[in-house]
Amino acid sequence: MAKRDYYEVLGVSKGASEDEIKKAYRKIAIKYHPDRNPGNKEAEEKFKEAAEAYDVLHDPQKRQQYDQFGFEGPAGAGFGGFGGGSMNMDDIFSMFGDIFGGRAGFGGFGGQRRPAQYRGSDLRLKVRLTLNDVATGVTKKFKVRKDVVCSHCHGSGAENGSSSEVCPTCHGSGVVTHTTQSFFGMVQTQGVCPTCGGEGKVIKNKCRQCGGSGVEKGEEVVEINIPAGVAEGMVVNVPGKGNAGKHNGINGDIQVYIEEEPNDTFVRDGNNLIYNLLLDFPTAALGGEVEIPTIEGSKLKVKIESGTQPGKTLRLRGKGLPAVQGYGHGVGDLVVNISVYVPKTLSRDEKDALARFKDSDNFKGDASTKQSIFQRFKNYFN
């Protein structure tokens with residue numbers, strides 16, 4: 001199935017509220033739920049497609065990134081897109097409590113209730129990158145303190161492999177139903193079973209090491225690939241490396257927040273780099289050749305025309321920073337801003353030499369040059 005715009009999938013506008021998105025998803029999820037469409041592969045694909053769209057649009061951060069970058073935005077695997085078909089049925093049903101008030105799907109529709117599966121919480125990290133890291137991409141390693149699978153019970157939460165029993169409160173359904181009388185008659189509502197947390201079973205003999213949760217505190221060295229072209233404030237999502245879920249549930253993610261270190265040579269402007277070149281007066285007047293540094297560490301020889309004026313810019317195409325994973329317009333430029341150095345102190349011979357040119361028309365500047373300088377100052381202060 002070709003990938004469609006998430007707003008189109010849910011049938012909502014880009015300005016839709018969170019409540020409108022939730023209602024639209026609920027309607028589609030009920031229509032294409034597998035229990036209502038057994039064996040229907042097309043319905044299952046639409047069910048997954050709607051779940052992927054909701055997963056992005058109901059989360060303010062993911063939605064903002066999707067609106068800005070589209071499918072290639074900073075989410076999902078690495079920095080390379082949302083969903084990408086990676087959501088499975090367990091992922092989908094694990095988030096159903098937000099929509100249907102239960103942790104295990106609908107708790108009905110043919111009786112094929114799926115057991116609840118806990119999801120570990122996400123972790124957040126900050127990483128400071130140099131401009132060179134941004135230009136080439138970099139791999140960083142972090143030692144992360146987090147919840148890991150219990151080494152004693154291997155995540156089951158049970159001591160010595162002891163079995164579990166059907167929850168006495170919900171009788172294995174994972175949900176409890178409450179019936180209340182209202183103005184419109186009898187109303188039934190469902191919620192997660194408070195005894196078993198939606199799993200439908202309880203552990204008889206809890207693990208002495210983790211207390212029955214299936215997780216314990218631990219450490220893991222996580223290797224994170226930061227793609228080239230990232231910028232201050234962006235977030236790289238690393239799926240499955242966050243806290244472990246209880247009872248062998250789904251691992252959370254790690255969200256890596258990007259910070260940039262200032263650079264002594266270049267100033268970043270989007271994907272462009274700005275370099276301020278200070279010319280000596282003879283080179284500006286007579287012309288010549290100068291070397292310009294690049295972010296890769298090499299130097300480029302650039303020709304300076306005679307009579308070059310302060311404020312002139314040179315643009316070296318493709319010598320800037322790459323766009324994130326090719327999103328946008330490839331590689332930016334290196335923009336060279338030219339200034340001319342005027343010495344503060346002069347020797348007697350230098351003063352005499354300059355004095356001979358003081359009254360020369362060539363050193364006074366014509367009307368067009370003066371107007372150009374005036375216009376540059378006017379644009380700057382406006």
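Before reading on, note that the structure itself is shown above.
Note that the structure is predicted; figures quoted are calculated from it, not measured.

A short note on the sheet that holds strand β1 (residues 123-129)
Inference 1: Taken in spatial order, the three strands of this open sheet run β1-β9-β8, and their pairing is mixed. This sheet does not close on itself; its edge strands, each paired only once, are β1 and β8 (235-238). Shown here is a sheet whose adjacent strand axes are inclined to one another by a mean of 25°, direction ignored.
Inference 2: Sheet topology note: the β8/strand β9 (residues 254-260) ladder contains four bridges and is antiparallel. Across the sheet, the residue bridging to Val 236 is Val 256, located in β9.

A word on the packing of helix α2 (residues 18-32) against helix α3 (residues 41-57)
Inference 1: The contact between α2 and α3 brings their axes to 9 Å, and the two run at 165°. With respect to their mutual orientation, α2 and α3 come out roughly antiparallel. Where α2 crosses over α3, the two elements pack in a sense that is left-handed. For the pair formed by α2 and α3, the contact residues are Ile 21, Lys 22, Tyr 25, Ile 28, Ala 29 and Tyr 32 on the first element and Ala 43, Lys 46, Phe 47, Ala 50, Ala 51, Tyr 54 and Leu 57 on the second.

A look at the state of the cysteines
Inference 1: Tallied over the full model, the rule gives zero disulfides.
Inference 2: You can see Cys 153 has no disulfide; the closest cysteine sulfur is in Cys 150, sitting 3.7 Å from it.
Inference 3: Take Cys 207: it sits in no disulfide, and the sulfur closest to it among the cysteines is that of Cys 210, at 3.7 Å.

What to know about the sheet that holds strand β15 (residues 334-341)
Inference 1: Strand order in this open sheet of four strands is β10-β11-β15-β14, and the pairing throughout is mixed. The strands lining the two open edges of the sheet, one partner per strand, are β10 (267-269) and β14 (313-316). If you compare each strand with its neighbour and ignore which way they point, the axes differ by 30° on average.
Inference 2: Judged from the four bridges that link them, β14 and β15 form a sheet pairing that is antiparallel. Each bridged residue has a counterpart across the sheet, and for Arg 315 the counterpart in β15 is Val 335.

Description of a nonpolar patch on the surface
Inference 1: The grouping of Phe 281, Leu 346, Leu 354, Phe 357 and Phe 363 at the surface amounts to a nonpolar patch, some 440 Å² of accessible area in total.
Inference 2: Within the secondary structure, Leu 346 is located in the loop between β15 and α9 (348-357).
Inference 3: The exposure class of Leu 346 is partly exposed, given its relative accessible area of 32%.

Looking at the packing of aromatic side chains
Inference 1: Counting across every chain of the model gives four aromatic pairs.
Inference 2: An angle of 40° between the planes, with centres 4.7 Å apart, marks the rings of Tyr 6 and Tyr 66 as tilted. Of this pair, Tyr 6 sits in helix α1 (residues 6-10) while Tyr 66 sits in helix α4 (residues 60-69), and the two are 60 residues apart along the sequence.
Inference 3: Aromatic pair Tyr 25 and Tyr 54: ring centres 4.6 Å apart, planes at 10°, arrangement stacked. Taken together, the positions of Tyr 25 in helix α2 and Tyr 54 in helix α3 put the pair 29 residues apart, joining distant regions of the chain.
Inference 4: Taken together, the ring pairs connect Tyr 6, Tyr 7 and Tyr 66 into an aromatic cluster.
Inference 5: One Lys or Arg, Lys 246, reaches over the ring of Tyr 118 and ends 6.0 Å from the middle of that ring.

Thoughts on the pairing of β15
In regular strands, side chains alternate between the two faces of the sheet.
Inference 1: Examined bridge by bridge, strand β11 (residues 272-280) and β15 share eight bridges and lie parallel to one another. Opposite Leu 273, over in β15, you have Leu 334 as the bridge partner.

Topic: the pattern of salt bridges
Here the idea is simple: oppositely charged side chains can pair when their charged atoms come close.
Inference 1: Counted under the stated rule, the structure contains 19 salt bridges.
Inference 2: Between Glu 44 and Lys 48 there is a salt bridge, with its nearest N and O atoms 3.4 Å apart. Of this pair, Glu 44 and Lys 48 both sit in helix α3, four residues apart, which is roughly one turn of that helix.
Inference 3: We classify Glu 44 as partly exposed; its relative accessible area is 22%.
Inference 4: If you follow the salt bridges from partner to partner, you end up with Lys 126, Arg 128, Glu 259 and Glu 261 in one network.

Calculation criteria
Residues numbered from 1 in each chain as written. Predicted model: local features only at pLDDT ≥ 70, side-chain atom pairs only at ≥ 80, totals over all residues. Heavy atoms only, no water. Pairing = 2+ DSSP bridges. Helix = DSSP H or I, 4+ residues; strand = E, 2+ residues; numbered from the N terminus. Axes fitted to C-alpha atoms, helices over the stretch in contact; angles between N-to-C directions. Parallel < 35°, antiparallel > 145°, perpendicular 65-115°, else oblique. Left-handed = near helix turned anticlockwise from the far one by under 90°. Contact = heavy atoms within 4.5 Å. Disulfide = S-S within 2.5 Å. Patch = residues over 30% accessible without salt bridge, like charges linked within 9 Å, V, L, I, M, F, W, Y side chains within 5 Å. Areas by Shrake-Rupley, 256 points an atom, 1.4 Å probe, with all protein chains shown as cover. Salt bridge = Lys/Arg side-chain N within 4 Å of Asp/Glu carboxyl O. Buried < 20%, exposed > 50% of the residue type's maximum accessible area, 1.4 Å probe, protein only. Phe/Tyr/Trp six-rings, centres within 6.5 Å; stacked < 30°, edge-to-face > 60°. Lys NZ or Arg CZ within 6 Å of the ring centre and 35° of its normal.

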